[in-house]
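Chain by chain, the residues run as shown.
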Amino acid sequence: MRIGYGWDSHEFKRGIPLRIGGVTLPYPKGLGGHSDGDVLLHAITDALLGAMAGPDIGSLFPPSDPQWKGADSAVFLREALKRVAQAGYAVVNLDSTLILLAPKIGPHAAAIRASVCALMDLSPDCVGIKAKTPEGMGTDNAAIAHVAVLLEKVQKKAPARRKTAK
Ligand SMILES: [Zn+2]
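Residues numbered from 1 in each chain as written. Predicted model: local features only at pLDDT ≥ 70, side-chain atom pairs only at ≥ 80, totals over all residues.

J.: Just checking my understanding: could you explain the sheet that holds strand β1 (residues 2-14) for this structure?
T.: The pairing of strands in a sheet comes from backbone hydrogen bonds and takes either a parallel or an antiparallel form. The sheet built from five strands is open, its strands ordered β4-β1-β7-β5-β6 with mixed pairing. Two strands lie at the open edges of the sheet, namely β4 (29-31) and β6 (127-132), each paired on one side alone. Pairs of neighbouring strands in the sheet enclose a mean axial angle of 20 degrees, with direction left out of account. Alignment of strand β5 (residues 89-99) against β6, held across six bridges, turns out to be parallel. Following the sheet pairing, Thr97 is matched in β6 by Lys130. Against the sheet, helix α1 (residues 39-51) engages β1, β4, β5 and β7 (142-153), with an angle of about 155 degrees to β1. The sheet strands contacting helix α4 (residues 109-120) are β5 and β6, and the helix crosses β6 at an angle near 140 degrees. (Pairing = 2+ DSSP bridges. Helix = DSSP H or I, 4+ residues; strand = E, 2+ residues; numbered from the N terminus. Axes fitted to C-alpha atoms, helices over the stretch in contact; angles between N-to-C directions. Contact = placed C-beta atoms within 7 Å.)

J.: Is there a simple way to think about the packing of α1 against helix α3 (residues 74-86) in this case?
T.: Between two packed helices, what matters for the description is the angle formed by their axes and the separation of those axes. As a packed pair, α1 and α3 sit with axes 9 Å apart at the nearest point and diverge in direction by 20 degrees. With respect to their mutual orientation, α1 and α3 come out roughly parallel. The two elements α1 and α3 meet at a crossing, and its hand is left-handed. Taking contact as the criterion, the partners of Leu41, His42, Ile44, Thr45, Leu48 and Leu49 in α1 are, on α3, Ala74, Phe76, Leu77, Ala80, Leu81, Arg83 and Val84. Considering only residue class, the contact of α1 with α3 consists of 10 nonpolar, two polar and one charged. (Parallel < 35°, antiparallel > 145°, perpendicular 65-115°, else oblique. Left-handed = near helix turned anticlockwise from the far one by under 90°. Nonpolar A, V, L, I, M, F, W, Y, C, P; charged D, E, K, R; others polar.)

Following this line, the structure appears as structure tokens:
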């Protein structure tokens, strides 16, 4: 078993789409910065990479590289999942906490969960999507994501048993 932890934050900017967990949420502001600014997919990607003790998302996909500007963050997640599979591991479950003042995540939590499940080939009971407001933190213009993942070694198929001669 391996555990991974990821954290990310992005600042809200007016006039760009808000992407969280691969879902576009109706809101006049989106998250700026690296790629499409999907704070949740970035934190999941970093949790997976961290569980493999691998390079982090910023090393694999440098924000300074123009090819990642506006990129779909699912690309990063797929690369992390590929590395997990190559190392012989599979995701058991993940849990996440989003911290943002607005919009309210509750009405969108099911859609976000479904999107993450589809991207990661997980069942809904293996993906925790929680949200809190940043009370007293002074981060009202940012979205923050914390993610923990658990991985298990994939069981190799036992070799077929030879029939014993009678
Ligand atoms: Zn990010």
